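Given next are the chains, with one letter for each unit.
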Amino acid sequence: MSRGGLDVLRDWRFWLLAVAGLSLAVALVMPRLTLTRQARDLLLVIDVTGSMNVRDYTQGGEPASRLATAKRAARALLADLPCQSRLGLAIFTERRSFLLFEPAEVCENFAAMDGAIDMIDWRMAWEGDSYVARGVHSALAIADSLYADLVFLTDGQEAPPLAGGELPAYEGEPGKVAGLLVGVGGTEPSPIPKYNEDGREIGFYAEQDVPQENRSGPPPADAPSRAGWNPRNAPWGGEPATGTEHLSAMREEGLRRLAAQTGLGFAALRDPAALPEAVKADTRAHPVEVRVDMAGIPAALALLALTALFGIGALAGRRPERLPA
């Protein structure tokens, strides 16, 4: 080999150019790889009733409402789902869950789904009642019709309270729809913000503002011992009910009973970022094949080599020439 050929092989610029050319050639001919991923089909339901406005979380050192925290958790779940998973969105208010959109592929529709979750607002609730158990029952029927698992975020506060503390009968098949009940809120009772007709906060609900007892159906067993009780004219007693229903905490016991009734799992939402792992534990995954384009790796290597080639060359060209001694 001639001296000129050896000099070329010793030149770092030659090797950088060779690496760039070879990497570019590999990028052009590299086939796509087929990978197997565990995808999920989910229906996500978010409670938008009044007690979800309670601010018993923090975000950035500032108080945050249950609804805002539930939305953060929902967006974390969306971001964690692999491509080929499907997600639908619904809200719960009054006594039913209402579908906003059916499950769709998450990667193709990520921006629209993320924006839809962000736009959910307590003003979407048009009634003051909150029959959580009936809302979960209706959400399960919707999820079943969509062949999806259910993720239902709620604080579990029934308003008015359940008659006699008993859950309404569930007409579906327990366990047919897999999923997770997510308890949102703190364990200590907190005041519920009150808003006027213009949506402005004007204080908190007082004891007389909310029903403290559900007086539909037969009266409770202790009714005869109440003041003013009359079996015909005052079967619940003659005085207004008192209680703490104007204060709100996440009703974990009731949600666990509801989860057991319907065959769902239960998890308390402490950290929004932890929701994806909780969902994985109680929903069903199905394998999907995904074709992954790996050409970006050698193409990035080619770009790095060319950047080094021209970058180092440009720096070398700026060095001042040595003056003769």
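Predicted model only: the values in this text are computed from it and were never measured.

Conventions used here
Residues numbered from 1 in each chain as written. Predicted model: local features only at pLDDT ≥ 70, side-chain atom pairs only at ≥ 80, totals over all residues. Heavy atoms only, no water. Axes fitted to C-alpha atoms, helices over the stretch in contact; angles between N-to-C directions. Helix = DSSP H or I, 4+ residues; strand = E, 2+ residues; numbered from the N terminus. Left-handed = near helix turned anticlockwise from the far one by under 90°. Contact = heavy atoms within 4.5 Å. Nonpolar A, V, L, I, M, F, W, Y, C, P; charged D, E, K, R; others polar. Phe/Tyr/Trp six-rings, centres within 6.5 Å; stacked < 30°, edge-to-face > 60°. Lys NZ or Arg CZ within 6 Å of the ring centre and 35° of its normal. Core = buried A, V, L, I, M, F, W, Y, C linked by side-chain atoms within 4.5 Å. Buried < 20%, exposed > 50% of the residue type's maximum accessible area, 1.4 Å probe, protein only. Pairing = 2+ DSSP bridges.

Visitor: Give a detailed account of the packing of helix 5 (residues 132-145) against helix 6 (residues 252-262), specifying residues and quantitative values.
Guide: Packed helices, taken two at a time, are described by the angle between their axes plus the distance between the axes. In the contact formed by helix 5 and helix 6, the axes pass within 11 Å of each other and the chain directions differ by 30 degrees. In this structure, helix 5 crosses over helix 6, and the sense of that crossing is right-handed. Contacts between helix 5 and helix 6 pair V132, A133, V136, H137 and L140 from the former with L258, Q261 and T262 from the latter. When grouped by side-chain class, the residues that make up the contact of helix 5 with helix 6 number five nonpolar, three polar and no charged.

Visitor: Summarise the packing of aromatic side chains; cite the residues concerned and give the values.
Guide: Taken as a whole and judged by the stated rule, the model has two aromatic pairs. The side chain of R95 reaches across the aromatic face of Y131, ending 4.3 Å from its centre.

Visitor: Account for unusual backbone geometry, naming residues and giving values.
Guide: Residues other than glycine predominantly adopt negative phi, and peptide bonds predominantly adopt the trans conformation. Residue P160 follows A159 across a cis peptide bond; omega there is 0 degrees. Secondary-structure assignment places P160 in the loop between strand 7 (149-154) and strand 8 (179-184). The phi angle at E94 is positive, at roughly 65 degrees, despite the residue not being glycine. Take E94: it is sitting in the loop between strand 5 (86-93) and strand 6 (96-105).

Visitor: Which residues make up the nonpolar core, and what values do they have?
Guide: A general trend in soluble globular proteins is that nonpolar side chains are found buried together. Among the nonpolar cores identified, the biggest contains 30 residues, and L44, L87, L153 and L275 are the most heavily contacted of them. Secondary structure elements with two or more residues in this core: strand 2 (41-47), helix 3 (66-80), strand 5, helix 4 (110-119), strand 7, strand 8, strand 13 (265-269) and helix 7 (275-282). By residue number, the principal contributor to this core is helix 3, which donates six residues. Sequence-distant contacts of L87, that is, excluding residues within four places in its chain, are made with L42, L44, L78, L81, F101, E102, P103, A104, V106 and M113. F92, A148, F152 and L181 belong to the second largest nonpolar core, which has 23 residues in total.

Visitor: Pulling in residues and values, what's your account of the pairing of strand 13?
Guide: With respect to burial, strand 13 is a largely interior element, four of its five residues being buried. One ladder, built from five bridges, connects strand 8 with strand 13; its direction is parallel. Bridged to G183 within strand 13 is A268.

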